[in-house]
Amino acid sequence: MAGLLGKKIGMTSVFGADGKNIPCTVIEAGPCVVTQVKTVEKDGYAAVQVGFMPKSEKHVNKAEAGHFKAAGVQPMRYLAEFDFEQEMKLGDTVNVSLFEEGAFVDVIGTSKGKGFQGVVKRHGFGGVGQSTHGQDDRLRAPGSVGACAYPSRIFPGTRMAGHMGQDRVTVQNLVVLKVIPEYNLIMVKGSVPGAKNSIVTINK
């Protein structure tokens, strides 16, 4: 499906036609430059690779430099592949005009990292709930995680403490509230994953 790479600017709110205050996320979508056109004959599938946010040539390795030189474009910091309906050529620019107000989009981002967290915060455990009989320091402990005799091991997927966040998250069917082409901005209803200035993918 067609789409763009963008940068999450932050959140705000707008008033709808019915007077309701609607929370929304502001995203700088593009402009993206076509860096490669893949075909079924050569690559086994059809896709268009686009780049977002130019970067200095001194920060590009030889393989990347050759890739961008073949496309005749400036080196880009982020790359992604999309399936555009119209025919695209190397060097073409795709901007926020790809989206229409009132349309639905899917936004993919990386959620905020929370570090190492316990089971209460990570999985919503309720805790032991007893602060007597030697349990004063076990209120947020997970409790039993497996039997000793059988199976004598912990089953994979058991909910325990560990790294939380920093995951690829997709939010589907967000409404495009407003498109501001002169600033390459779109406003989508609701929240999208990630911190401010994080990179997101917007699919039509």
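Numbering of residues starts from 1 in every chain and runs along the sequence as written. Only residues with pLDDT of at least 70 are given local features in this predicted model, and only at 80 or more are side-chain atom pairs given and counted; all residues enter the totals for whole chains, interfaces and linings. The side-chain figures draw on all heavy atoms in the structure; neither hydrogens nor water molecules are used.

1. Quick look at the sheet that holds strand β12 (residues 199-203)
Reading around the barrel, the six strands line up as β1-β2-β11-β10-β7-β12 and close back on themselves, with antiparallel pairing between neighbours. Neighbouring strand axes in the sheet, compared pairwise and without regard to direction, differ in orientation by 50 degrees on average. Here strand β2 (residues 21-29) runs beside strand β11 (residues 185-189); their pairing, made up of five bridges, is antiparallel. Across the sheet, residue threonine 25 finds its bridge partner in β11, namely valine 188. DSSP calls a pair of strands paired once it identifies at least 2 bridges connecting them. The helix count covers DSSP runs of H or I at least four residues long, the strand count covers runs of E at least two residues long, and both are numbered beginning at the N terminus. Axis lines are fitted through C-alpha atoms, for helices just across the contact stretch, and the angle between N-to-C directions can take any value from 0 to 180 degrees.

2. Topic: the environment of asparagine 61
Inspection of the secondary structure assignment puts asparagine 61 in the loop between β4 (47-54) and α2 (62-71). For asparagine 61, a relative accessible area of 43% gives the class partly exposed. Distance in space between the C-alpha atoms of asparagine 61 and threonine 39 is 25 Å, their sequence separation being 22 residues. Among the polar contacts listed, one links the side chain of asparagine 61 to the backbone nitrogen of alanine 63, at a separation of 3.3 Å. Pairs of N or O atoms within 3.5 Å make up the polar contacts considered here, provided that, within protein, one atom can donate a hydrogen while the other can accept it, and that residues adjacent in sequence are counted only when both atoms are side-chain atoms. Polar contacts involving the side chain of asparagine 61 include one to the main-chain amide nitrogen of glutamate 64, which spans 2.8 Å. Burial status follows relative accessibility: with a 1.4 Å probe on protein chains alone, a residue under 20% of its type maximum counts as buried, one over 50% as exposed, and anything between as partly exposed.

3. A word on unusual backbone geometry
The residue after tyrosine 150, namely proline 151, is reached through a cis peptide bond having omega 10 degrees. With respect to the helices and strands, proline 151 occurs in the loop between α3 (119-123) and β9 (162-164). Look at glutamine 166: it is not a glycine, yet its phi comes out positive at around 60 degrees. You can see glutamine 166 is positioned in the loop between β9 and β10 (168-180).

4. Details of the pairing of β12
Of all the five residues making up β12, four are buried; the element is thus mostly covered by neighbouring parts of the structure. Here five bridges tie strand β1 (residues 3-15) to β12, and the two strands are oriented antiparallel to one another. Within β12, the position partnered with lysine 7 by the bridge is isoleucine 199. Bridge analysis of strand β7 (residues 104-110) against β12 gives three bridges, and the strand direction is antiparallel. What sits directly across from aspartate 106, in β12, is asparagine 203.

5. Structural notes on α2
Where α2 starts, the residue carrying a side-chain oxygen 3.3 Å from the main-chain nitrogen of alanine 63 turns out to be asparagine 61. The first or second residue beyond α2 is glycine 72, which carries a positive phi of 75 degrees.

6. Section: the nonpolar core
What makes a nonpolar core is a set of buried Ala, Val, Leu, Ile, Met, Phe, Trp, Tyr and Cys residues whose side-chain atoms join them at distances within 4.5 Å. Counting residues in hydrophobic clusters, the biggest one holds 28 residues, and the most contacted among them are Phe84, Phe99, Val105, Ile186, Val188 and Ile202. Throughout, a residue-residue contact means that at least one pair of heavy atoms, one from each residue, lies within 4.5 Å. Other than its neighbours up to four places away in sequence, isoleucine 202 contacts Ala2, Gly3, Leu4, Ile27, Ala29, Phe82, Phe99, Val105, Asp106, Val107 and Ile186.

7. A closer look at a nonpolar patch on the surface
Nonpolar side chains collect at one region of the surface, where Val145, Ile154 and Met160 lie side by side and expose about 210 Å² of accessible area between them. Tracing the chain through its elements places methionine 160 in the loop between α3 and β9. In this structure methionine 160 comes out as partly exposed when scored by relative accessible area, which is 34%. Like-charged residues within 9 Å of one another, or nonpolar side chains (Val, Leu, Ile, Met, Phe, Trp, Tyr) within 5 Å, are grouped into patches, provided each residue has over 30% relative accessible area and no salt bridge. Per-residue and other accessible areas follow the Shrake-Rupley method at a 1.4 Å probe size, with only the shown protein chains counted as cover for residues. Between Lys or Arg on one side and Asp or Glu on the other, a salt bridge is scored when a side-chain nitrogen of the former is within 4 Å of a carboxyl oxygen of the latter.

8. Some words on the pattern of salt bridges
Applying the stated rule across the entire model yields three salt bridges. Note that lysine 38 is salt-bridged to glutamate 81, the shortest N-O span being 2.6 Å. Here lysine 38, found in strand β3 (residues 32-38), pairs with glutamate 81, found in strand β5 (residues 76-82); they are 43 residues apart in sequence, far enough to count as distant. Judged by its relative accessible area of 34%, glutamate 81 falls in the partly exposed class. Glutamate 64 is paired through a salt bridge with lysine 55; the nearest N and O atoms lie 3.7 Å apart. The exposure class of glutamate 64 is partly exposed, given its relative accessible area of 30%. Look at lysine 55 and you get buried, because its relative accessible area is 13%.

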